[in-house]
Every structure is written in structure tokens, then in C-alpha cells.
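Remarks on the overall topology
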Amino acid sequence: YRTGKENILSHESEYIREIISSYPQYFTNCKSALDYLSVLQHNGFPTRLLDFSENPLIALYMACSNDSTQHADVIRITIPITNIVWEFD
């Protein structure tokens, strides 16, 4: 969606279903919509997910790594360690 090449939102569900049915081997461990979208984004499909990284160089690469000539942003967010909750299954 962020590429601006087309209005992907109007056909997003169709595209996602088609990709998942064409390449089910990539989605075997997916249990939620977020899992599916993460796999899609990791493989280059434009999603509405934001990229997060602890490494500013990786963040810069992700912001600039496509063919788009549109503006890209890298934003630094600092969260106090006391606000982080670690949950394990």
C-alpha cells in the first residue's frame, strides 16, 4: 500500500488469499492474521505493517530499499526498559 503504485487496499484480501493458496509452504507456521502479514511483508508484498528494528542502519535500509521515489522516514522511539513486559508462552 505504501508504494503508491496502485490502490492495493481495494483488492488486498483477494491478493492475500491468492498468494497464500499459491505458496502454502511459506505459511505453515502462521496462526494469526499478523503472522500471515509478517510473512507477506518479509517477502516483499506491500502491507500496512510498519517496519521496526533496533539497528538504525537496518531501519534506514528498510526505508530506502524499494524503487519508490517517494519520501521515506526513519523515526527513533525510546521506551524505558521499565515499560517493557516480556511474556513467554
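Notes on the structure in this doc start here. (Residues numbered from 1 in each chain as written. Predicted model: local features only at pLDDT ≥ 70, side-chain atom pairs only at ≥ 80, totals over all residues. Heavy atoms only, no water.)

**Description of the overall build of the protein**
Formally: Only runs of H or I of at least four residues qualify as helices and only runs of E of at least two qualify as strands under DSSP, and these elements are numbered from the N terminus. Buried means the residue's accessible area, taken with a 1.4 Å probe over protein chains only, is under 20% of the maximum for its type, while exposed means over 50%, and partly exposed covers the values in between. Only heavy atoms matter for contacts: two residues are in contact if any of them lie within 4.5 Å across the pair. Here the accessible surface of atoms and residues is derived via Shrake-Rupley with a 1.4 Å probe, and residues count as covered only by protein chains that are part of the display.
Check the secondary structure of the protein and you find 3 helices and 0 strands. What you see in the protein, going N to C, is helices and strands ordered as α-α-α. The proportion of buried residues among the 89 residues of the protein is 13%. In the protein, 38% of the contacts between residues at least 6 apart in sequence involve partners at least 24 apart. Looking at the protein as shown, the accessible area adds up to about 8100 Å², and 55% of this sits on carbon and sulfur atoms.

**Observations regarding helix H2 (residues 33-42)**
For H2, the complete set of buried residues consists of Val-39, Leu-40 and Gln-41. Considering only its buried residues, H2 is in contact with helix H1 (12-22). Two residues or fewer after H2 comes Gly-44, characterised by a positive phi angle close to 100°.

**Comments concerning the packing of aromatic side chains**
We apply this condition: Pairing of aromatic side chains requires ring centres within 6.5 Å, counting the rings of Phe and Tyr and the six-membered ring of Trp. Pairs whose planes differ by under 30 degrees are stacked, by over 60 edge-to-face, and all others tilted.
Under the counting rule described, the total for this entry stands at 2 aromatic pairs. Note on Tyr-23 and Tyr-26: the rings are 6.1 Å apart at their centroids and 55° apart in plane angle, and the pair reads as tilted. Judged by relative accessible area, which is 44%, Tyr-23 ranks as partly exposed. Between Phe-27 and Tyr-36, the aromatic rings sit 5.7 Å apart at their centres with planes inclined by 25°, giving stacked as the arrangement. Look at Phe-27 and you get buried, because its relative accessible area is 6%. Of the residues examined, Tyr-36 reaches a relative accessible area of 26% and is grouped as partly exposed.

**Side note on the environment of Tyr-36**
Relative to the helices and strands, Tyr-36 is located in helix H2. As a C-alpha pair, Tyr-36 and Ile-20 span 16 residues in sequence and 8.4 Å in three-dimensional space. In contact with Tyr-36, not counting residues within four places along its chain, are Ile-20, Phe-27 and Cys-30.

**Re the pattern of salt bridges**
Heads up, the rule is: Counted as salt bridges are all cases of a side-chain nitrogen of Lys or Arg within 4 Å of a carboxyl oxygen of Asp or Glu.
Counted according to the given criterion, the structure contains 1 salt bridge. Residue Glu-12 pairs with Arg-48 through a salt bridge whose shortest N-O separation is 2.5 Å. Taken together, the residues span a long stretch of sequence, with Glu-12 in helix H1 and Arg-48 in the loop between H2 and helix H3 (56-64) at a distance of 36 residues. Given a relative accessible area of 56%, Arg-48 falls into the exposed group.

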